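Residue-level structure breakdown
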Amino acid sequence: VQLQASGGGLVQAGGSLRLSCAASGRSFSIYTMGWFRRAPGKEREFVAGITWGGGTTSYADSVKGRFTISRDNAKNTVYLQMNSLKPEDTAVYYCAADEGSKWYVRTSDALYDYWGQGTLVTVSS
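Residues numbered from 1 in each chain as written. Predicted model: local features only at pLDDT ≥ 70, side-chain atom pairs only at ≥ 80, totals over all residues. Heavy atoms only, no water.

Thoughts on the state of the cysteines
Taken as a whole and assessed by the stated rule, the structure comprises one disulfide. The disulfide bridge from Cys 21 ends at Cys 95, spanning 2.1 Å between sulfur atoms. Measuring the twist about the S-S bond at about 65°, one finds the Cys 21-Cys 95 disulfide to be right-handed. Pair noted here: Cys 21 is in strand E3 (residues 17–24) and Cys 95 is in strand E9 (residues 91–98), with a separation of 74 residues, a long-range link. Since its relative accessible area comes to 0%, Cys 21 is described here as buried. (Disulfide = S-S within 2.5 Å. Helix = DSSP H or I, 4+ residues; strand = E, 2+ residues; numbered from the N terminus. Buried < 20%, exposed > 50% of the residue type's maximum accessible area, 1.4 Å probe, protein only.)

A closer look at the packing of aromatic side chains
Counted according to the given criterion, the structure contains seven aromatic pairs. Seen from their ring centres, Tyr 31 and Tyr 114 are 6.0 Å apart, and the 70° between their planes marks the pair as edge-to-face. Linking Tyr 31 in the loop between E3 and strand E4 (32–38) with Tyr 114 in strand E10 (residues 114–115), this pair joins segments that are 83 residues apart in sequence. Judged by relative accessible area, Tyr 31 falls into the buried class, the value being 0%. For the ring pair Tyr 112 and Trp 115, a centre distance of 6.3 Å and an interplane angle of 55° mean the geometry is tilted. (Phe/Tyr/Trp six-rings, centres within 6.5 Å; stacked < 30°, edge-to-face > 60°.)

Regarding the sheet that holds strand E1 (residues 2–6)
With respect to topology, four strands assemble into an open sheet ordered E1-E3-E8-E7, the strand pairing being antiparallel. Where the open sheet ends on each side, the last strands, each with one partner, are E1 and strand E7 (67–72). Recorded for the sheet is a direction-independent mean angle of 15° between the axes of neighbouring strands. Relative to strand E8 (residues 77–82), E3 runs antiparallel, the two sharing six bridges. Note that in E8 the partner of Arg 18 across the bridge is Gln 81. (Pairing = 2+ DSSP bridges. Axes fitted to C-alpha atoms, helices over the stretch in contact; angles between N-to-C directions.)

Describing unusual backbone geometry
Comment: phi is negative for the bulk of residues other than glycine, and the bulk of peptide bonds are trans. Phi at Asn 76 is positive, roughly 55°, even though this residue is not glycine. Here the phi dihedral of Ser 84 falls at roughly 50°; this positive angle occurs in a residue that is not glycine. Considering the arrangement of structural elements, one finds Ser 84 in the loop between E8 and E9.

A closer look at the pattern of salt bridges
Enumeration over the complete set of coordinates arrives at six salt bridges. Between Arg 37 and Asp 89 there is a salt bridge; the shortest N-O distance is 2.9 Å. Taken together, the positions of Arg 37 in strand E4 and Asp 89 in the loop between E8 and E9 put the pair 52 residues apart, joining distant regions of the chain. The partner of Lys 64 in a salt bridge is Asp 61, with the nearest N and O atoms 3.2 Å apart. By relative accessible area, which is 66% here, Asp 61 ends up exposed. (Salt bridge = Lys/Arg side-chain N within 4 Å of Asp/Glu carboxyl O.)

Structure representation (structure tokens):
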């Protein structure tokens, strides 16, 4: 599976962005998908995840109520809608596919098998 993330950019605090992650290769629909981020000087952290059918989602506490993950298996794409952005959301965002979990979202990046190249989100104050 090849993953291509896009949609990052510069936005003012309080603004919104929608990230997309397009998948190609093996059947996209069988994977749980996740979004992670790495802020400057920090380790990569889990942001949000969604199971293969979209029935289960999971969010980091820091983004609950502001971010929404969704997927369109017909388009082989997963989205991250980010609202009410804060300067602390500034990071490189990565999408990832978890081949080993279909029914629940795992939050450890070590368990994800495929990664996109990352897209930079910068939130100005």
